[in-house]
Amino acid sequence: MPNMSLEKVKMPEQDPNVRNKNFEEVSLGYTKEQAMEEATRCLNCKHKPCTQGCPVGVPIPAFISEVAEGNFEKAYEIITSENALPAICGRVCPQENQCEGKCVRGIKGESVGIGRLERFVADYHREHGQKKTVQIAKNGKKVAVVGSGPAGITCAGELAKKGYDVTVYEALHKTGGVLSYGIPEFRLPKSLVQQEVDGVAELGVKFETNVVVGRSITIDELQEQGYEAIFVGSGAGLPRFQGIPGENLNGVYAANEFLTRVNLMKGYEFPNHPTPVKITDTVCVIGAGNVAMDAARTAKRLGAKKVYIVYRRGAEEVPARAEEVHHAKEEGIIFKLLTNPVKIEGENGWVQSMECVEMELGEPDESGRRRPVVKEGSNFVIETGTVIVSIGQSPNPLIRQTTPGLDTQRWGGIIVDEETMKTINIEYDKLFDVLNKESKSDGQTDTYDQNAENQAFKEILNQIIGYKMEIELIGRWIWCFNCFAYKDRLKELGLKFAPKKRRGRGTTENFHVITRERYPLMI
C-alpha cells in the first residue's frame, strides 16, 4: 500500500540564520531511509502524468519504484536513460511547474518529491556507484558545440556516445555555462558541475575555452573546418535594463555580472581570490525571478544588512520557484512587492538611493498576468548604495550578427524547423520573387493560380514561419486558417493582417500580400 501522507518527507537543511552567512549547500539531501519513505508516496499511476510533465520524459514512476525497494543503482540507470544530468536537475529544475506540477498527489496535499528523489539517486550513485566503461565506435564525423552550459554538455555527451568527434567551444575560461557563472554555490556546488563536465570529457569530447564564437571564430569558419553540424547552445547572457535615470552609476550591477563575479571568479572568497565585489549595507534587487533570488541571497551572504526584492507585481505573480522564495524569506530577504523603481540617485558617481512608486494590479495583459498600474503620487525613496538589476536576459547578438542568412526571432532567438531543429537559412528573394511578379500585359499583379508556383510559395512561407500552416493562395491574398498566433511573424515579413469571414469555413484569418517594393518591411 502506498504511503498516503499528505506531506513530503522534510528535506534536511541548514538553519537559516547559519546558512545566510556561508556559501555551503542549503539543502543537505535525503538519507536512504528518508528517500525510501518518500518513494512510497508514489501511486504509480497508469497514465503517468509526471512523465508527461518532464521535458526529457524520464520514466518517473519506474525509478521511484526502484527507490522504494532500495534498488538505487537501478533507479539511476532508469533516470539516465533519458536525463544525463540528474544531480543538477534534481537541484535546480522547476519541478513544481513540470513533473511535480502534474503529480496526482498534489491534488490533495503535496506532490511526491520527485526532484528530491532524483537528487538522492544521483548523489548515491556518485558516492557508491561503479563507473562503466563505454565502448564507442567512431563514425568519422565531426560536430561542433557552441557553449558548455547544460544544453551544450548534454548534446556533446549524447553525440559522443553515438560515435561523433565533438568539440565544445566555451567563451569563458571555465566550462559549465550558467551552471558555473550563474547559479550560486549554495544551490549548486561547482564540484558537481565539474564532475559532469569531466564525465563528458571521458567520452572523448574536447573542450576549447576562451573562444568567443562570433568573435574568435565564426559559424561559417567552423563549417569550413569540416564540422558537419554545429549545435548552438550559447544561452541568454545579455542583460536587460529598465532604461531609468541613474543606471550607469557605480554600484549598479546587472545580475549576471554580479553573480559571475561571485560564482565564477570566487568573489565570495576575496582576498584569497583576486575579484572584489563591493556591497553596501542596503542592497536593492530589481526583479523577482530565480536570478533575482540568487542575487539577493548572495548579497546577504556577502554581508549586506538589508536586502530588498523590488518587484512591480504581487506575490501571486512572482516568477521565481516557490522553494527559492521560501528560502529567501527564511534568510531575511525583504520583499517590496507592487513597487517599481523610476530613478536611481547618486553622488560623486556612486549610488545613494533609489526612487520608487507604488503599483496596483489592473486588467490582465497578453501574458495573462494582471498589468501593474502606477498609483499616482505614491513616490518614495529607499536609501541604498547597491542596485542589482535582474529583469531578464536575451541572447548575445554576436552569432546572429556574424552569420549571414541565419534567421532569428525579434528578441534574438534562432529560428529552427520544429521537427528537425535545424536552422532555416532563407533566401528571402525567392519568396518576394513570387510575391512581386508582374504580368507581361499591363504591369498589374497576376493571380498566380499555377500549382507549381503556389506550392513553391507555400513551402517558402512555411519555412520562414517555422510551422506548417494551412494556407491557400487566391490571387494576391493568402487565406490562412487558424494561424492568428503567427500574425506578428507575418507582419515582420511584410504581410498585412486583415481578419475576415469566409463562407463555409467559419472565422478565418486573411493575410494580404504586401510587396517589398511598395511598402517597407513592417517590424
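As the structure is a computational prediction, the values presented were derived from the model and not from experiment.

Thresholds applied
Counting of residues starts from 1 at the beginning of each chain's written sequence and follows it residue by residue. Only residues with pLDDT of at least 70 get local features here, since the model is predicted, and only at 80 or more are side-chain atom pairs given and counted; chain-wide, interface and lining totals rely on the full set of residues. Side-chain figures throughout are based on the complete set of non-hydrogen atoms in the structure, without hydrogens or water. Two strands qualify as a pair provided DSSP detects at least 2 bridges between them. Secondary structure is summarised from DSSP: a helix means a run of H or I of at least four residues, a strand means a run of E of at least two, and numbering begins at the N terminus for each. Put plainly, a pocket is an open set of points on a 1 Å grid over the protein atoms alone with protein on both sides within 12 Å along at least five of seven lines, a cavity is a set where a 1.4 Å probe fits but cannot get out, and a lining residue has an atom within 4 Å of a point. Grid points are joined across faces, edges and corners, and a volume is the space filled by probe spheres set on the points. Residues are grouped as follows: nonpolar covers Ala, Val, Leu, Ile, Met, Phe, Trp, Tyr, Cys and Pro; charged covers Asp, Glu, Lys and Arg; every other residue, Gly included, is treated as polar. Three labels apply to residues, based on accessible area from a 1.4 Å probe with only protein chains included: buried if under 20% of the type maximum, exposed if over 50%, partly exposed otherwise in between. The contact rule is simple, with two residues in contact once any of their heavy atoms fall within 4.5 Å. We define the nonpolar core as a collection of buried residues of types Ala, Val, Leu, Ile, Met, Phe, Trp, Tyr and Cys that are connected through side-chain atoms lying within 4.5 Å of one another. To get an axis, a line is fitted to the C-alpha atoms, and for a helix only the part in contact is used. The angle between two axes follows their N-to-C directions and goes from 0 to 180 degrees.

A.B. asks: Tell me about the pairing of strand S11 (residues 350-364), and please be specific about residues and values.
C.D. replies: Across 8 bridges, strand S10 (residues 339-347) lies against S11 in antiparallel orientation. The residue bridging Thr339 from the neighbouring strand is Glu358, located in S11. The turn joining S10 and S11, which pair antiparallel and follow one another in sequence, is formed by 2 residues; a positive phi near 55° is taken by Asn348. Sheet analysis places S11 next to strand S13 (residues 380-383), joined by 4 bridges and oriented antiparallel. From the neighbouring strand, Ser353 faces S13, where its bridge partner is Glu383. Of the pairings in the sheet, the one linking S11 to strand S12 (residues 370-374) comprises 4 bridges and is antiparallel in character. Its bridge partner being in S12, Leu361 is matched across the sheet by Pro372. Counting the residues between successive antiparallel strands, the hairpin from S11 to S12 contains 5 residues, one of them, Gly368, with a positive phi of roughly 95°.

A.B. asks: Outline the layout of surface pockets, listing residues and values.
C.D. replies: Reported here for the second largest pocket is a volume of approximately 1300 Å³. Lining of the second largest pocket is provided by 34 residues; of these, Tyr76, Thr80, His125, Lys161 and Gly199 occupy positions nearest its centre. Within the residue set of the lining of the second largest pocket, elements represented by two or more residues are helix H5 (72-80), helix H6 (86-92), helix H7 (114-128), helix H8 (150-161) and helix H10 (190-201). For the lining of the second largest pocket, the element with the highest residue contribution is H10, accounting for 6 residues. Looking at the lining of the second largest pocket, its residues break down into 12 nonpolar, 11 polar and 11 charged.

A.B. asks: Describe helix H12 (residues 255-264), with residues and values.
C.D. replies: Turn by turn, an α-helix covers 3.6 residues, leaving residues three or four places apart pointing in a common direction. For H12, the buried fraction is high: 8 of the 10 residues fall into the buried class. The complete set of buried residues in H12 reads Ala255, Asn256, Phe258, Leu259, Thr260, Val262, Asn263 and Leu264. Buried residues along H12 sit in contact with helix H9 (178-181), strand S6 (252-254), helix H13 (290-301), strand S14 (386-389) and strand S15 (393-394). Two residues or fewer after H12 comes Lys266, characterised by a positive phi angle close to 60°.

A.B. asks: Run through the nonpolar core, naming residues and quoting values.
C.D. replies: Ranked by internal contacts, the top residues of the largest apolar core, which has 28 residues, are Phe258, Val285, Met293, Val307, Ile309 and Ile388. Of all the elements in the fold, those that place two or more residues in this core are H12, strand S7 (282-286), H13, strand S8 (306-310) and helix H14 (322-330). Top contributing element to this core by residue count: H13, with 5 residues. If we skip the residues at most four places from it in the chain, Met293 touches Ala288, Ile309, Val318, Ala320, Glu324, Val325, Ala328 and Phe335. Among the nonpolar cores identified, the runner-up in size contains 26 residues, and Cys42, Phe72, Tyr76 and Val112 belong to it.

A.B. asks: Can you explain the sheet that holds strand S3 (residues 206-208)? Please cite residues and give values.
C.D. replies: Overall, parallel pairing links the 4 strands, which are arranged S3-S2-S1-S4 in an open sheet. Each edge of the open sheet is held by one strand with a lone partner, namely S3 and strand S4 (229-232). Strand after strand, the sheet turns through a mean of 20° between neighbouring axes, direction not considered. When strand S2 (residues 165-169) meets S3, the two strands line up parallel, connected through 3 bridges.

A.B. asks: Report on the sheet that holds S6, specifying residues and quantitative values.
C.D. replies: Pairing between sheet strands relies on hydrogen bonds along the backbone, with the strands arranged either parallel or antiparallel. Pairing within the open sheet is parallel, and its 5 strands lie in the order S6-S14-S7-S8-S9. The open sheet terminates on both sides in strands that have one partner only, identified here as S6 and strand S9 (334-336). On average, each strand axis in the sheet is inclined to that of its neighbour by 25°, with strand direction left out of account. Examined bridge by bridge, S6 and S14 share 3 bridges and lie parallel to one another.

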